[in-house]
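Tertiary structure, described
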Amino acid sequence: MNKNDIKNRRRPARRKKENNFREWVVKTSNITLFAFLEEVYPSLSRNNIKHLLSSHRVSIHGAMVSQFDFILNKGDSVIVFQDPIKRSGSKNKLPIIYEDDELIAIDKPSTLLSVSSDKEKRNTAYRLVMDYVQSKDRHTRIYVVHRIDEDTSGVLLFVKNEKLARELQDNWQSLVKKRGYYAVVEGKMEKSTGTYVDYLKENKLNLMYVTDDKKYGKLCKTSYEVIRESEKYSLLDISIDSGRKNQIRVQLGYRNHHVLGDDKYGEPANPLNRLALHAYELSLLHPQTKKLMKFRSKMPKEFMALFDKNKK
């Protein structure tokens, strides 16, 4: 790519300017980080841009990147901080479930964001995994193919290969064969097994709700099986067919079986001091090898302990 190509490229709109960072979303693929910074900082000299990188103030999704030739892709979030970014230093504690040359799956803790949000830019699973893979090879990067909620723990998959990432992103619904969750909810279920089929919409507060509007609502299906129950709570094995935003929490809460600790969609008890929702399995068909790959995480011990504690 020459300078004329860069000048003729449409400059991406700046998303935010706050006290300690500036952020942009990349609009096209296969542009180097240095070229992108030249676009968004037209008044800076090349030496000043090099200084931004060498002083560790540039990040992708909050993960520090200093390579000038790092390749950006559409949808990447480039964040430039006023202060230097430190490596997470958590590579030895990273809960890795599976890793090969193309994929890496972790057991994400509750309260950790999958990727950066409007409020949090640095403390994310993406950053931890990016720091880890770059500690082994600074030219390696990871791609986001799905997310789980901040307060949900469990299996979170990243991809190291751009082509594979695009294939998974474009065909996620057809390639994913199972999304399994454990949840502890209020009350006893009416049946030991069941399936909820609803349409969901999002309101102005970015909260999902069940609607009768089949034209604009998004269809979702959630199936469950009761594993344990007490007078107060039920432990469920859940599978979802669609993966809509917050669908488990919304559909169960709609039927007065709120997930424990879910103060976003109700006011249930919070005996575990966390959201009682855990993504225990992600199974998908590898689009290139056609191999069925299963990534699993154990149920949090506190889920079952809650029933032993409340055993009558």
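This text gives an overview of the structure that appears in the document.

Moving on, we get to the pattern of salt bridges. A complete count under the given rule lists 16 salt bridges for this structure. Among the ionic pairs, aspartate 131 bridges to arginine 127, the shortest N-O distance being 3.7 Å. Residue aspartate 131 and its partner arginine 127 are located together in helix H4 (residues 125-136), separated by four residues, close to a single helical turn. Just as aspartate 131 is buried, arginine 127 falls in that class too. Glutamate 281 is the salt-bridge partner of arginine 296, the closest N and O atoms lying 2.2 Å from each other. Residue arginine 296 is located in strand S18 (residues 292-296), and its partner glutamate 281 is located in strand S17 (residues 277-285); the two are separated by 15 residues in the primary sequence. On the basis of relative accessibility, which here comes to 46%, the residue arginine 296 falls in the partly exposed class. A single salt-bridge network, built from bridges that share partners, covers Glu99, Lys136 and Lys160.

Buried within helix H5 (residues 162-170) are the following residues: Leu164, Ala165 and Leu168. Looking straight down H5, one finds that the buried residues subtend no more than 100° of arc, so they occupy a single side. Relative to its buried face, H5 has exposed residues pointing more than 90 degrees away, namely Lys163 and Asp170. Against strand S9 (103-108), strand S10 (143-144), strand S11 (153-159), helix H6 (172-175) and S17 lie the buried residues of H5. The backbone nitrogen of lysine 163 lies 2.9 Å from a side-chain oxygen of the residue at the head of H5, namely asparagine 161.

Bringing the packing of helix H2 (residues 33-40) against helix H3 (residues 46-54) into the picture now. Where H2 meets H3, the axes come as close as 10 Å, and the angle between the chain directions of the two elements is 120°. Judged by the angle between their axes, H2 and H3 are oblique. Crossing of H2 against H3: the hand is right-handed. Residues Leu33, Phe34, Leu37 and Glu38 of H2 form the contact with H3, whose own contacting residues are Arg46, Ile49, Lys50 and Leu53.

Within helix H7 (residues 247-254), seven of the eight residues are buried, which leaves it mostly tucked inside the rest of the structure. Within H7, burial applies to Gln247, Ile248, Arg249, Val250, Gln251, Leu252 and Gly253. Buried residues along H7 sit against strand S12 (176-186), strand S13 (193-202), strand S14 (208-211), strand S15 (218-229), strand S16 (233-240) and S17. Immediately downstream of H7, the backbone of asparagine 256 shows phi near 65°, a positive value.

Okay, the pairing of strand S8 (residues 96-99) next. Judged from the three bridges that link them, S8 and S9 form a sheet pairing that is antiparallel. Looking at S9, one finds that isoleucine 96 is bridged to isoleucine 106. Two successive antiparallel strands, S8 and S9, enclose a turn made up of three residues.

It is worth spelling out the side chain of histidine 286 at this point. Relative to the assigned elements, histidine 286 resides in the loop between S17 and S18. Polar contacts involving the side chain of histidine 286 include one to the main-chain amide nitrogen of threonine 289, which spans 3.2 Å. Residues within four places of histidine 286 in sequence aside, it is in contact with Glu102, Leu164, Lys291 and Met293.

Further remarks concern the environment of glycine 194. Along the chain, glycine 194 turns up in strand S13. Separated by 32 residues in the primary sequence, glycine 194 and valine 226 have C-alpha atoms spaced 9.2 Å apart. If sequence neighbours within four positions are ignored, glycine 194 has contacts with Thr222, Ser223 and Tyr224.

Below, the discussion takes up the side chain of serine 153. Its location among the elements puts serine 153 in strand S11. Side chain to side chain, serine 153 and arginine 274 meet in a polar contact 2.8 Å long. Not counting chain neighbours up to four residues away, the residues in contact with serine 153 comprise Lys108, Pro109, Ser110, Ile148, Arg274, Leu277, His278, Ala279 and Pro300.

Okay, the pairing of S9 next. By the criterion of burial, S9 is predominantly enclosed, with five of the six residues buried. Alignment of S9 against S11, held across six bridges, turns out to be antiparallel. Across the sheet, the residue bridging to lysine 108 is glycine 154, located in S11.

Once that is clear, we can look at the packing of aromatic side chains. Aromatic ring pairs are reported here in terms of the distance separating the ring centres and the angle at which the planes meet. Across all of its chains, the model carries six aromatic pairs by this definition. Summarising the aromatic geometry, the rings of tyrosine 196 and tyrosine 224 are spaced 5.5 Å apart at their centres and angled 35° between planes, so their arrangement reads as tilted. Of the two residues, tyrosine 196 sits in strand S13 while tyrosine 224 sits in strand S15, which places them 28 residues apart along the sequence. If you follow arginine 141 out to its NZ or CZ, it ends over the ring of tyrosine 143, 4.3 Å from the centre. Lying over the aromatic face of tyrosine 196, arginine 255 brings its terminal NZ or CZ to 4.0 Å of the ring centre.

Procedures and definitions
Residues numbered from 1 in each chain as written. Predicted model: local features only at pLDDT ≥ 70, side-chain atom pairs only at ≥ 80, totals over all residues. Heavy atoms only, no water. Salt bridge = Lys/Arg side-chain N within 4 Å of Asp/Glu carboxyl O. Helix = DSSP H or I, 4+ residues; strand = E, 2+ residues; numbered from the N terminus. Buried < 20%, exposed > 50% of the residue type's maximum accessible area, 1.4 Å probe, protein only. Arc of directions from axis to C-beta. Contact = heavy atoms within 4.5 Å. Polar contact = N/O pair within 3.5 Å; in protein donor to acceptor, adjacent residues only side chain to side chain. Axes fitted to C-alpha atoms, helices over the stretch in contact; angles between N-to-C directions. Parallel < 35°, antiparallel > 145°, perpendicular 65-115°, else oblique. Left-handed = near helix turned anticlockwise from the far one by under 90°. Pairing = 2+ DSSP bridges. Phe/Tyr/Trp six-rings, centres within 6.5 Å; stacked < 30°, edge-to-face > 60°. Lys NZ or Arg CZ within 6 Å of the ring centre and 35° of its normal.

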